[in-house]
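Coordinate analysis (summary)
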Number of protein chains: 2
Amino acid sequence: MLRELHCLVEHVGPYEAGQHIFREGEAFTAIAAVRTGTVKTSVVDPAGREQVLGFFLPGEVIGLNAIHQSRYPCNAVALDRVTLCRFSFPMVATLAQRLPDLQAQLFRLLSQDIGKATLLAGDYTAEERMAAFLITLSRRFAARGFSPRRFLLTMARTDIANYLRLAAETVSRLFRRFQDEGLIRVDRRDLEILDEARLRALAQPILRN
Amino acid sequence: MLRELHCLVEHVGPYEAGQHIFREGEAFTAIAAVRTGTVKTSVVDPAGREQVLGFFLPGEVIGLNAIHQSRYPCNAVALDRVTLCRFSFPMVATLAQRLPDLQAQLFRLLSQDIGKATLLAGDYTAEERMAAFLITLSRRFAARGFSPRRFLLTMARTDIANYLRLAAETVSRLFRRFQDEGLIRVDRRDLEILDEARLRALAQPILRN
DNA sequence: CGGTCATTTGAGAAGCCTCAATATTAGTGG
DNA sequence: CCACTAATATTGAGGCTTCTCAAATGACCG
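Residues numbered from 1 in each chain as written. Chains lettered and ligands numbered in written order. Predicted model: local features only at pLDDT ≥ 70, side-chain atom pairs only at ≥ 80, totals over all residues.

Let us now look at the overall build of chain A. Per the secondary structure count, chain A includes seven helices and eleven strands. Rg of the C-alpha trace for chain A: 18 Å, near the compact-globule value of 17 Å for 209 residues, within the 12% margin. Over its C-alpha atoms, taken along the principal directions, chain A stretches across nearly 55 × 40 × 30 Å. In chain A, which comprises 209 residues, the proportion classed as buried is 38%. Residue pairs in contact within chain A that sit at least 24 positions apart in sequence constitute 72% of those at least 6 positions apart. (Helix = DSSP H or I, 4+ residues; strand = E, 2+ residues; numbered from the N terminus. Rg over C-alpha atoms; globule rule 2.2 N^0.38 Å. Buried ≥ 20, exposed ≤ 12 C-beta atoms within 10 Å, placed from the backbone. Contact = placed C-beta atoms within 7 Å.)

What surrounds DNA strand D is a group of 17 residues, the closest being A:Ala156, A:Arg157, A:Ser172, B:Ala126 and B:Thr170. When the residues that make up the surface near DNA strand D are grouped by side-chain class, the tally is six nonpolar, four polar and seven charged. (Near = placed C-beta within 6 Å. Nonpolar A, V, L, I, M, F, W, Y, C, P; charged D, E, K, R; others polar.)

Another aspect to go through is the interface of chain B and chain A. Each partner contributes to the interface: chain B provides 34 residues, whereas chain A provides 34 residues. Counting only elements with at least two residues in the side of chain B that touches chain A, the list comes to strand S5 (50-56), helix H2 (89-98), helix H3 (100-119) and helix H7 (196-207) of chain B. If one sorts the elements of the side of chain B that touches chain A by residue count, H3(B) sits on top with 13 residues. Along the lines of polarity and charge, the residues of the side of chain B that touches chain A split into 17 nonpolar, eleven polar and six charged.

This paragraph deals with the relation of the copies chain B and chain A. Turning chain B through 180° and shifting it by 0.0 Å along the axis lays it on chain A, with an RMSD of 0.0 Å. Such values leave the two copies arranged in the relation of a two-fold axis. Counting the interface residues of chain B, we find that 100% of their copies in chain A are interface residues as well, pointing to one common contact surface. (Least-squares fit on C-alpha atoms with pLDDT ≥ 70 in both.)

Residues and elements named next belong to chain A. One can read the domain layout of chain A as domain 1 (2-113) and domain 2 (126-207). Inter-centroid distance (C-alpha atoms) of domain 1 to domain 2 is 25 Å. Tallying the contact residues gives eleven residues for domain 1 and eight residues for domain 2. Among the residues making up the side of domain 1 that touches domain 2, the classes are represented as five nonpolar, three polar and three charged. (Domains from an automatic or database assignment.)

Further remarks concern the protein's contact with DNA strand C. The local shell around DNA strand C holds 17 residues, among which A:Ala126, A:Thr170, B:Ala156, B:Arg157 and B:Ser172 are the closest. Counting only elements with at least two residues in the surface near DNA strand C, the list comes to helix H6 (168-180) of chain A together with helix H5 (157-163) and helix H6 (168-180) of chain B.

Attention now goes to the nonpolar core. Soluble globular proteins: nonpolar side chains tend toward being buried together. Of all hydrophobic cores here, the largest spans 116 residues; its most connected members are A:Val39, A:Leu134, B:Val39 and B:Leu134. When neighbours within four sequence positions are excluded, A:Leu134 is seen to be in contact with A:Ile184, A:Ile193 and A:Leu199. (Core = buried A, V, L, I, M, F, W, Y, C linked by C-beta atoms within 7 Å.)

Within a sheet, neighbouring strands are paired by backbone hydrogen bonds and run either parallel or antiparallel to one another. Residue and element names in this part refer to chain B. Here three strands make up an open sheet; going across it, the order is S9-S11-S10 and the pairing antiparallel. Every other strand in the sheet has two partners, leaving strand S9 (150-152) and strand S10 (184-187) as the edge strands with one partner each. When the angles between neighbouring strand axes are averaged without regard to direction, this sheet yields 15°. Of the strand pairs in this sheet, S9 and strand S11 (residues 190-193) are connected by three bridges, and their pairing is antiparallel. (Pairing = 2+ DSSP bridges. Axes fitted to C-alpha atoms, helices over the stretch in contact; angles between N-to-C directions.)

The next thing to look at is the packing of helix H4 (residues 126-143) of chain A against helix H7 (residues 196-207) of chain A. Residue and element names in this part refer to chain A. In the contact formed by H4 and H7, the axes pass within 7 Å of each other and the chain directions differ by 100°. Judged by the angle between their axes, H4 and H7 are roughly perpendicular. Residue-level contacts link Glu127, Glu128, Arg129, Ala131, Ala132, Leu134 and Ile135 of H4 to Leu199, Arg200, Leu202, Ala203, Pro205, Ile206 and Leu207 of H7. Across the contact of H4 with H7, the residue classes break down as ten nonpolar, no polar and four charged. (Parallel < 35°, antiparallel > 145°, perpendicular 65-115°, else oblique.)

On the secondary structure map, A:Thr29 appears in the loop between strand S2 (20-22) and strand S3 (30-36). Residues contacting A:Thr29, with those up to four places away along its chain left out, are A:Ser88 and A:Phe89.

Attention shifts here to the sheet that holds strand S5 (residues 50-56) of chain A. Residues and elements named next belong to chain A. Spatial strand order, S2-S7-S4-S5: four strands in an open sheet with antiparallel pairing. Unpaired on one side and paired on the other, S2 and S5 mark the two borders of the sheet. Within this sheet the neighbouring strands show an average axis-to-axis angle of 30°, counted without direction. Where strand S4 (residues 39-44) and strand S7 (residues 75-78) come together, four bridges link them in antiparallel fashion. When the sheet's bridge partners are listed, Ser42 is paired in S7 with Asn75.

Contact geometry of helix H3 (residues 100-119) of chain A with H2(B) gives a least axis separation of 11 Å together with a crossing angle of 120°. When the interaxial angle is binned, H3(A) and H2(B) end up oblique. Crossing geometry of H3(A) relative to H2(B) is assigned as right-handed. Between H3(A), through A:Pro100, A:Gln103, A:Ala104 and A:Phe107, and H2(B), the contact on the second element is made entirely by B:Ala93, B:Ala96 and B:Gln97. (Left-handed = near helix turned anticlockwise from the far one by under 90°.)

Here the phi dihedral of A:Arg165 falls at roughly 60°; this positive angle occurs in a residue that is not glycine. Relative to the elements of secondary structure, A:Arg165 occurs in the loop between helix H5 (157-163) and H6. With a phi close to 60°, B:Ser70 is a non-glycine residue in the positive phi region. Here B:Ser70 is to be found in the loop between strand S6 (61-62) and strand S7 (75-78).

Spelled out as structure tokens, the structure:
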């Protein structure tokens, strides 16, 4: 499967911080796996308010939510220097006809994204959402071989706030409180998890494991 | 494609109001299209608080979010008398290997659900969410041949509130206000949309069309 | 027709937001 | 290399949306 995929992959980038990878409404042609860097997806409502939908780390796939409409339903922006592996979706789908494992993997990826979108849709406190956000980030970094205890927040406070449906000020205050309580140490974009167990306990209502 | 699907469909039900169709944690074996009735999906956190994830009307498919973990990540409960068309997922997937149209349809359904989950995840006012909920319900009924102007709310106020991340009291007050302003007429579970245009305008920030 | 449950209504409280000011950092050009 | 500027982040005070609590009303069912 990997060899076959290799034939139709296209390495793109680098995109610099702030550059658009795709824009809402553009024709959907390809999905892409993040190779390096972080991608932010968001929508902008008629009044100009932005709503951040997600952050994508190396190894994660963007564009899956565009299949349905054949158009990208959101913007994707590089938060730092980003490189991608792009796959023409028609070609991947055709290949998946011959490779059951590839088809199954695509189904899993799509299904997983439903779950992710669901997670933060719930009715939880600011504290719970922030804790869940940090734990989730930590696990995703760990899954890609980075340290789960210490990592860089590649996104701005505003983006975190927007993603968590909070004001930027509230994010600031939560960071401070978590730090005062010995849960984390945060300096600028540099974040260290000091008490994973207690943080996980806070996130429990959302993550449930 | 339809003929082939027909061979592996299994009609199940009826389930009566309150009966579970599947429970969180159960092994995932099948997806199902709602034939009649309404299904509610929800998760329960360790403290026992319920979080409603969605409502499924005739023609809509439940269980897609279970593919990823091979277990149902939520409970599905009948809100009234429900009948389903159940499809063994391994069988559908195998069939999709031979039928590109079926594969494409599954990809679309999954992708669509990502979008649905995203919709109400955003940071919107109670009024915006309620308006978007009613407009969305209306369109979904219309898509299945029912009246988009007048329909029955098969779910309790508590369920609507929980789904929209509101208190049941807030839902009550919103219904009253919408009615006072001539947007809707609501009596018990019977809902009529009187001013679709203005309701749509309220939902604009969420639905964006 | 009484009991139970769902819904509505009102009053007060809480969590989070907004606004405003300050502090800090990063980027830019001299 | 450093001052200057713009952007980002932090902190405080007050306000608003929505929640919680309590009670009353209305619907449904045996």
